[in-house]
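Working through the structure, step by step
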Amino acid sequence: MSLGHLDSLDSLGQIGIVLDHRFRLEKTLGSGSVHLVFAATDLLEECQVCVKLPRKALRENAGFTMRYRRDVLQVILQPHSGWLTPILLGEHDGAPFQVLPMVEGQTLPQWYASLGRNTEALLETLKTTLYHLAALHKITGRIHGSIKPENLWVTSAGEPLLTDLVATGRLEDQFAEKARTGEPVYFSPEQLVGERAGPPSDLYSLGLVLYRTLTGRHPYSGQADLGPNLGYPERLLASMLSQLRDRPPDPSGFREDVPRWADRFLARCLQPRPADRFADPEEALDWLRHHAWGVPGQSDSVERRPLPPVGRDQEMSFMLDCLSDIVKDPPQGTIVRLHGPPGIGKTRCTEWLKEQAVERGVRVVDIHRSPESGLHLQSVANALKKPGPHSQKEEEPARARPVVEQLIEAALEAPILLLLDDIARADETLIRLLEELSTVVGDLPILLVLSDDGAPFRSRLAEEFMENLDHVMILTPLDRRAIANLIEERAWSPPSAGLSQWVHRVSEGNPLAARLLVEYLQSGGYLKDEVELDWAAAPCPERPDLPRLIQWKLQQPSPLTRDLLESGAVLGDPFNLSTLAAITYRDSEEVDAAVAEAVKAELIEPEARAGASTYRWAHPLLRHRLREVLPKRRRQRIHRLAAAFYSRGEPEPAKLAYHFLQSGDRQELFYWGIQAAERARRQGRRGESNYWLNVLLERIEPERWLGPSLEKAFDDIARDQSEMWDLSNWSRWFRAVAGRAIADYEAFDTSDPNYAVQVLLAAPWPLPVWKEHAISVLAEVAEKARKSEDSLAHYRRAVALLRSEWLFRAGG
């Protein structure tokens, strides 16, 4: 019996029925392997909504319904403009359903056709979709898993929208539905064979949808060799087998208006092996920004594109002029933004600039963000306390003075080169300083260089300040990255076609392999360091293939050494051997042997400034790459083990909070983060305290927060007035959110109903005990509401929160 026939007997799916005494089904909008979709009227709000009702066979499965309720609630609690968030989770006679807003729009293929196949508009929509997909992976910690044309919507305002985030049906049910209707599947090869899906899986499905949008056909269905007499099930099976073993033809072979970038982008997205695709949506988005143009054919001509530059002559000339301006009389200061992705050479530029500054008698103040804290006002103040190379003043007694005053006084003593790295992570106290400094810097001997790599800014204030700077140096790819890009194009013309073709053939189009290969050639002296990137001598006699090339750097170490390198890559640079010994469950002798092996392979090197027991990666690119390809669960495990290591003896709250932040352990982050903020304030490190308070405030779920005003808290932080806070009170609330407010639930105090509700929302108590206290708290809240009309809204909110938590804990 088919799924469709089973649902025809379903009493809940009848037009005109009122679900949960509120939602009247008006008409059928569609159906899938999991849901029946209806247009409905909300009788309470008097508006049109969309109701998605799971199929009858699925609703009768207890495991499915519990998982379904959990997934819908999680999506409701994590709203975003990039995906369609359910309004609520409804129940009717024990059957769950979700209610969503009614959105006007079209599927991506329909929208593209309605625009007359506008390639530029499609490119911008694709970039926005990747941005939303990256946000989904980061915010929710999950993948979509079911991207298809019907789930990629473009609204009437032209904004892409991901829909159907709650797809909890089995693949078998979806295959059965597709076999009945004859529609193709949009799953990745690893999903088809039952393996765990990841971010590359979503990119594969998105690639299939884009292929369908550009060509009007699924790349693996409708092939002539399947035979016209095959039924739907046989055609589905044949197309799935083809998807597992074959690569699709270029979409430009079916439509002449398909741009060149789309062929290359889809060739990367639709690789059968996940490791050969883009690692995540951010990498795919970065590729599009550098390689995609909207007009077909315009980007294909190699002659129109400039050859990659070899040096930074123009940029360095500008920086030298700025450096000269601050040592002349009268001085003229400048603020410069140094921007470019990781690995582009910002560090090399700033190191060269520091050498030039020292030669001219300029004081260098170099400030980096530490792993345990952010980039804040106090970090600048601490750096200025260190005497300059030409300081003749005796140290004065410490007194509270504005940092901008200290900076101006130090600059008048000797010109200053102030370098702020990773400015995107700066808190708003530091941005306020920069804003104040920008009004007077033109008359001061200060060259301020702000470096960022395209990471999201922590605050809108920082982003606006950086956008409004007059002097921006954007570093474009050089050398190895340029070769990798040229290899991907497959069609670079002379003057060095022989080199590019050889590198492309050996690396098989893999950008990482291309960069390693160029490094290999440069280290052997085979390449000229000129614009042509030509051969300096005859090509190397032994041309390594791709597996040997990767083994050259990463696959050569023993399993223990690779485990150590993975841990070091996640923890950061440099890393300490005692930490690695603890989190890899190895004794010091084994770790020493693994370190010696890694040093011999030139993968890591001693960090001389920190002592012989500390090491760093000798090849940052491989460290970044290794960290990227490590599964998220592996990275989280390393951070949690590191947190366990740092919790021994006398715990260090800042380090523990940092690792729980990276591992995504939200409750532990609240517990240790507030302790880190308290300790930093006691020790006079106001900037670090503000950093942790900012981190915690940004991770509070406003819809589940009953404590002090968040709006006022953010305003206090922005105006650097958080020292006025009663941290003991905030600590009490953050411990409640962490589920560690009290150790003994028998001593539960309900004198403050709002606080009691906050405790209950995270309390790790057995359900019977939790339920007993919830009833008691609701009675206290109701009593308070009867005495004051102002408490009525709090009462309703508390009831809604406890009801939702009750349903979640009881599994519905």
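Anything mentioned here points back to the structure above.
Just so it is clear, the model here is predicted, and its values are computed rather than measured.

**Topic: the nonpolar core**
Ranked by internal contacts, the top residues of the largest apolar core, which has 75 residues, are W692, L697 and F734. With seven residues, helix α28 (residues 666–682) is the single largest residue contributor to this core. The next biggest cluster of nonpolar side chains, apart from the first, holds 49 residues, and it includes V72, Y211, V258 and W287.

**With respect to the side chain of K127**
With respect to the element layout, K127 can be found in helix α5 (residues 119–140). Its relative accessible area of 18% is what places K127 among the buried residues. Not counting residues up to four positions away in its chain, the partners in contact with K127 are L285, L288 and R289.

**Concerning unusual backbone geometry**
Note that the residue after D329, namely P330, is joined by a cis bond; omega there is 0°. Along the chain, the position of P330 falls in the loop between α12 (313–327) and β10 (334–339). One non-glycine residue, D20, lies in the positive phi region at around 55°. Mapping D20 onto the fold places it in the loop between β1 (18–19) and β2 (23–31). Its relative accessible area of 34% is what places D20 among the partly exposed residues. If you check the backbone angles, D93 has positive phi at about 55° while not being a glycine. With respect to the helices and strands, D93 occurs in the loop between β5 (88–92) and β6 (95–101). For D93, a relative accessible area of 74% puts it in the exposed group.

**Points about a nonpolar patch on the surface**
Taken together, the side chains of V193, L241 and L244 make up a nonpolar region of the molecular surface, amounting to roughly 240 Å² of accessible area. Take L244: it is sitting in helix α9 (residues 232–245). With relative accessibility at 35%, the residue L244 sits in the partly exposed group.

**A few points about helix α32 (residues 753–762)**
Within an α-helix, residues lying three or four positions from one another point in the same direction, as the helix has 3.6 residues per turn. For α32, a buried count of ten out of ten residues is recorded, marking the element as mostly surrounded by other parts of the structure. Buried within α32 we find P753, N754, Y755, A756, V757, Q758, V759, L760, L761 and A762. Tucked inside the fold, the buried residues of α32 contact α28, α31 (727–737), α33 (767–787) and α34 (792–809).

**Regarding the environment of V403**
Take V403: it is sitting in helix α15 (residues 403–413). Through-space distance from the C-alpha of V403 to that of Q378 is 8.3 Å; in sequence the pair is 25 residues apart. In this view, V403 contacts L377, V380, A381, L384 and L433; residues no more than four positions away in its chain are not counted.

**Examining the pattern of salt bridges**
In total, this model carries 32 salt bridges according to the counting rule given. Between K127 and E124 there is a salt bridge, with its nearest N and O atoms 3.8 Å apart. Taken together, the residues K127 and E124, both in helix α5 and three residues apart, mark about one turn of the helix. We classify E124 as partly exposed; its relative accessible area is 46%. Within the structure, one salt-bridge network assembled from shared partners comprises R666, E701, R704, E805 and R809.

Here is what the cut-offs are and how they apply
Residues numbered from 1 in each chain as written. Predicted model: local features only at pLDDT ≥ 70, side-chain atom pairs only at ≥ 80, totals over all residues. Heavy atoms only, no water. Core = buried A, V, L, I, M, F, W, Y, C linked by side-chain atoms within 4.5 Å. Buried < 20%, exposed > 50% of the residue type's maximum accessible area, 1.4 Å probe, protein only. Helix = DSSP H or I, 4+ residues; strand = E, 2+ residues; numbered from the N terminus. Contact = heavy atoms within 4.5 Å. Patch = residues over 30% accessible without salt bridge, like charges linked within 9 Å, V, L, I, M, F, W, Y side chains within 5 Å. Areas by Shrake-Rupley, 256 points an atom, 1.4 Å probe, with all protein chains shown as cover. Salt bridge = Lys/Arg side-chain N within 4 Å of Asp/Glu carboxyl O.

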